[in-house]
Amino acid sequence: MIRLALLRHGHTGWNRLGRIQGRTDIALDEEARVQLAGLCLPTPWDQADIVASPLSRAVETAKLVSGRTPETSPALMEMDWGTWEGKRGVDLIADPSSGFRDIEHWGWHFRPPGGDSPDILRRRLLPWVASLSRDTVAICHIGVMRVLLAHATGWGFDGPAPFQIKRNRLYLLEISPSGWRALPEPIRLEHRP
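Just so you know, these numbers come straight off a predicted model, no measurement behind them.

Peer 1: What should I look at first to understand the overall build of the chain in this one?
Peer 2: Scanning the chain for helices and strands turns up six helices and nine strands. Scaling as 2.2 N^0.38, a compact globule of 193 residues should have a C-alpha radius of gyration of about 16 Å, and the chain matches this with 16 Å. With the C-alpha coordinates aligned to their principal axes, the bounding extent of the chain is approximately 50 × 45 × 25 Å. Considering the chain as a whole, with its 193 residues, one finds that 51% of them fall into the buried category. Taking as baseline every contact in the chain between residues at least 6 positions apart, the subset at least 24 positions apart corresponds to 66%.

Structure (structure tokens):
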């Protein structure tokens, strides 16, 4: 059995403005840097492999909380939001012609114009997960986390999610030949001594 811990990157200016980042490489903001510099991975996750999305917000988060330069994997990049990147979800939902809808009404095959569906992202992520050989912390994006947690829990982007993703917490998956299991409670990052 392999355990995979998922950690969302710290805040960026676009997060705080409610802008969809997708693959746009937006850096952490200064407040996030200060907060993350005071946190660290709890034992035994401080000894696990560290892999990050190649986007700078994930790489910097990984360095701050682990004290190590992570490996990077393009499989962990956020889903491509196409023409919606840089726009605010509240503005898109207010415009009926945009095609935007809440995540609870996506299904696996909903796609932003010119972007990825959750299923496309899942097909990119599953081979990466299958390649893991030891416990790993993946510092990534909310879209990546949603897809992996949905795969583990059986949620199909159809109705309320059975999980809520918060920052500064590790979301744990146990992966074995008999299947995937999402552990019910995330683990908080610890304050650096």
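Peer 1: Got a minute to help me understand the side chain of Glu-174 in this structure?
Peer 2: Relative to the assigned elements, Glu-174 resides in strand E6 (residues 169-176). Not counting residues up to four positions away in its chain, the partners in contact with Glu-174 are Met-1, Ile-2, Arg-3, Gly-179, Trp-180, Arg-181 and Leu-183.

Peer 1: Please clarify how the packing of aromatic side chains should be interpreted in this entry.
Peer 2: Between two aromatic rings, the relevant description is the distance of the centres plus the angle of the planes. Counted under the stated rule, the structure contains nine aromatic pairs. Here a set of aromatic residues connected by ring pairs shows up, and it is made of Trp-81, Trp-84, Phe-100, Trp-106, Trp-108, Phe-110, Trp-155, Phe-157 and Phe-163. The residue whose ring lies beneath Arg-122 is Trp-108, and the NZ or CZ to ring-centre distance is 3.7 Å.

Peer 1: Explain the packing of helix H5 (residues 118-130) against helix H6 (residues 142-153) here, please?
Peer 2: Helix-helix packing: each pair is described by the crossing angle between the helix axes and the interaxial distance. Relative orientation of the contacting elements H5 and H6 amounts to 75°, with a least axis distance of 10 Å. Between H5 and H6, the angle falls in the class roughly perpendicular. Where H5 abuts H6, its residues Pro-118, Leu-121, Arg-122, Leu-125, Leu-126 and Val-129 lie against Gly-143, Val-144, Val-147, Leu-148 and His-151. The residue makeup of the contact of H5 with H6, split by class, is eight nonpolar, two polar and one charged.

About the thresholds
Residues numbered from 1 in each chain as written. Predicted model: local features only at pLDDT ≥ 70, side-chain atom pairs only at ≥ 80, totals over all residues. Heavy atoms only, no water. Helix = DSSP H or I, 4+ residues; strand = E, 2+ residues; numbered from the N terminus. Rg over C-alpha atoms; globule rule 2.2 N^0.38 Å. Buried < 20%, exposed > 50% of the residue type's maximum accessible area, 1.4 Å probe, protein only. Contact = heavy atoms within 4.5 Å. Phe/Tyr/Trp six-rings, centres within 6.5 Å; stacked < 30°, edge-to-face > 60°. Lys NZ or Arg CZ within 6 Å of the ring centre and 35° of its normal. Axes fitted to C-alpha atoms, helices over the stretch in contact; angles between N-to-C directions. Parallel < 35°, antiparallel > 145°, perpendicular 65-115°, else oblique. Nonpolar A, V, L, I, M, F, W, Y, C, P; charged D, E, K, R; others polar.

The analysis is restricted to geometry; functional conclusions fall outside its scope.
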